[in-house]
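So the chains spell out like this:
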Amino acid sequence: PPPPRFADLHEKERPKLQLAPRTIPVEGGGAEYPQQQRELDMEAKKRELARMQRRENKAKKERANMEKKRAILESAFASDDDDDDDGGGSIGASSSSSDWFEGDAAFDTSDDEGLL
């Protein structure tokens, strides 16, 4: 037996739905469909082209931004010795006028070994 709240559903007959008859295409109306479909296809292609152009423009801006950042970093970390007349200028190249390795070391670690 169904629960009391559903008891009325089984006793009463359901009302018949009044559905609208299916529409039948008018003779000659089929010629409009391909034209509409072509127009929709053209619009879809235009939207896709616009989307691709936006993506390309965004990628170009991103590349330009990255190049700008790279140039800023290069200029920030560029050595002052790059402007000298040593002919080098490449990263990692040692110049003869460099102040980094002038003279002898202030201490030699080999003298201190074994004292502990």
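Residues numbered from 1 in each chain as written. Predicted model: local features only at pLDDT ≥ 70, side-chain atom pairs only at ≥ 80, totals over all residues. Heavy atoms only, no water.

Section: the overall build of the protein
A tally of helices and strands in the protein yields three helices and zero strands. Its helices and strands taken in sequence order, the protein reads α-α-α from the N to the C terminus. Out of the 116 residues in the protein, the part that is buried amounts to 2%. As displayed, the protein offers around 12,200 Å² of accessible surface, 55% of which is attributable to carbon and sulfur atoms. (Helix = DSSP H or I, 4+ residues; strand = E, 2+ residues; numbered from the N terminus. Buried < 20%, exposed > 50% of the residue type's maximum accessible area, 1.4 Å probe, protein only. Areas by Shrake-Rupley, 256 points an atom, 1.4 Å probe, with all protein chains shown as cover.)

Here we look at the pattern of salt bridges
According to the stated counting rule, one finds three salt bridges in the structure shown. Close ionic contact of Glu67 with Arg70 constitutes a salt bridge, the shortest N to O distance being 2.3 Å. Placement of both Glu67 and Arg70 in helix α2 (residues 32–76) is noted, with a separation of three residues, approximately one turn of the helix. A relative accessible area of 41% places Glu67 in the partly exposed class. Taking the relative accessible area as the measure of exposure, Arg70 reaches 38% and is therefore partly exposed. Between Glu74 and Arg70 there is a salt bridge, with its nearest N and O atoms 2.3 Å apart. Separated by four residues within a single helix, Glu74 and Arg70 lie in helix α2, roughly one turn from each other. Owing to a relative accessible area of 48%, Glu74 belongs among the partly exposed residues under this scheme. (Salt bridge = Lys/Arg side-chain N within 4 Å of Asp/Glu carboxyl O.)

Digging into the confidence of the model for the protein
Summarising the model, the protein shows a mean pLDDT of 75, and 55% of its residues fall at 70 or more. Summarising per-element confidence for the protein, the mean pLDDT is lowest in helix α3 (residues 109–112) (60) and highest in α2 (93). (pLDDT = per-residue confidence, 0-100.)

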